[in-house]
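# Fold and contact review
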Amino acid sequence: MSVTEQEGQITYKWTDFKSDQDVRWCPGCEDYAILKAFQTALAELDIPREKHVVVSGIGCSSRLPYYMSTYGFHGIHGRPIPIATGVKVANPDLVVWVITGDGDCLSIGGNHLIHVMRRNVDIKILLFDNRIYGLTKGQYSPTSDKGMVNRTAPMGTVEEPVEPVALALASGATFVARTDAAYLKHLIHLIVEAHKHKGTAFLHIYQNCYVYNDGVFDDFTQRDVRDDRNLVLEHGKPLIFGKNRDKGLRFKDGMVEIAEFEPADPPEDITIFDETNLSLAFALSKLYWPRFPVPMGVIRRVEQPSFEELIYGQIEKAKQKFSTDLNKLIYSGDVWEVK
Ligand code: SF4
């Protein structure tokens, strides 16, 4: 083990979080990039490895716990969130991560996503969104584009896709962020930010599936276009984008418009981003390329008590209010004997 003790502090390298298992994703899959970012972020957090638990469901992304030198749990389809909730509530000292995909999290597991958001359990959810079922060889998923032709929709899907960020916000999320798997530094930064948040953190990651849905995000994530087609959010800063920083968004009377200006001279009415403003977060979540730039970064962040904090607080109150002697407790109410 290459972990070194320095003045009582543990200092990790990203390689300390690699397991001895062979990584089995298709060559070129962006899951490799997310795995590296995750290992790097965990090394930065410098928390003992045995404090991390990585829980997954089923799908290509859900193989990830095997590749981590932490505790892990490869769960069943759509159920990583309830498993992670149980782990966190049973032992709040653990740092609990959920690794899930668009099928696992938004189709069979969609119900769990809604309820964990409103409960604000202190777990961190990394959604790998490749807009396809990769492991089962290319069926359309809840985030697939309408009209997409594939094995289960030979004439094109007729369904409107789910927007994961909008769904999380509508369910009461206290931390929501988005990035692309290719933006390695940004991804590492957001994983660290997600960890800092006390409560459910939801990180939506665009992830290219090289085999079944290659290039689906290229229009706004390729190196030569991303500055013009991404809106990188910073709390307290105006919503400005473009390679030359010469475009901005103006939200007014429930509408949004793009303003163009001289690079150093943005108009005063460009909207200032406020990560606590739910209406603004929701409006941003519904901006789609090619009409608008795609928002990236922390979209919403607010403080609220976490689920397990409230549960443990209630247990303390109950201990003060009621006797801890089980026998006394049983006979303290309306008790009778059946003969
Ligand atoms: Fe990655 Fe797609 Fe291969 Fe799955 S099928 S490992 S998502 S490239």
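See the structure above.
All of these numbers come straight from a predicted model, not from anything done at the bench.

Conventions and cut-offs
Residues numbered from 1 in each chain as written. Predicted model: local features only at pLDDT ≥ 70, side-chain atom pairs only at ≥ 80, totals over all residues. Heavy atoms only, no water. Pairing = 2+ DSSP bridges. Helix = DSSP H or I, 4+ residues; strand = E, 2+ residues; numbered from the N terminus. Near = heavy atom within 4 Å. Nonpolar A, V, L, I, M, F, W, Y, C, P; charged D, E, K, R; others polar. 1 Å grid on protein atoms, 1.4 Å probe; cavity = no way out; pocket = protein on both sides within 12 Å on 5 of 7 lines; lining within 4 Å. Points joined across faces, edges and corners; volume = space filled by probe spheres on them. Buried < 20%, exposed > 50% of the residue type's maximum accessible area, 1.4 Å probe, protein only. Arc of directions from axis to C-beta. Axes fitted to C-alpha atoms, helices over the stretch in contact; angles between N-to-C directions. Contact = heavy atoms within 4.5 Å.

### A short note on the sheet that holds strand 12 (residues 255-260)
Overall, antiparallel pairing links the three strands, which are arranged 10-11-12 in an open sheet. Two strands bound the open sheet, and with one partner strand each, they are strand 10 (240-241) and strand 12. When strand 11 (residues 247-252) meets strand 12, the two strands line up antiparallel, connected through six bridges. Counted as the bridge partner of Arg250 is Glu257 from strand 12.

### Some thoughts on the site of the ligand
What surrounds the ligand is the set Trp25, Cys26, Cys29, Cys60, Asn130, Gly134, Gln207, Cys209, Tyr210, Val211 and Tyr212. Of the residues in the shell around the ligand, the class split is eight nonpolar, three polar and no charged.

### Re the layout of surface pockets
Of the pockets and cavities examined, the largest pocket occupies roughly 460 Å³. The residue inventory of the lining of the largest pocket, partitioned by class, reads 11 nonpolar, one polar and nine charged.

### A few points about helix 4 (residues 110-119)
Residues of helix 4 that are buried: Gly110, His112, Leu113, Val116 and Met117. Buried positions in helix 4, seen along its axis, are confined to an arc of 160° and lie on one side of it. Residue Asn120 follows helix 4 closely and has a positive phi angle near 60°.

### Regarding the sheet that holds strand 13 (residues 294-301)
Taken in spatial order, the eight strands make up an open sheet running 4-3-5-6-8-7-13-9, and their pairing is mixed. Edge positions in the sheet fall to strand 4 (71-74) and strand 9 (230-232), since each of these pairs with one other strand and no more. Between one strand axis and the next, the sheet turns through 20° on average, direction left out of account. Sheet topology note: the strand 7 (residues 175-180)/strand 8 (residues 201-206) ladder contains six bridges and is parallel. Of the residues in strand 8, the one forming a bridge with Thr179 is Ile205. Along the sheet, helix 2 (residues 80-90) contacts strand 3 (52-56), strand 4, strand 5 (95-101) and strand 6 (124-129); its crossing angle with strand 5, the most-contacted strand, is approximately 180°.

The values reported here are purely geometric and, on their own, carry no functional implication.
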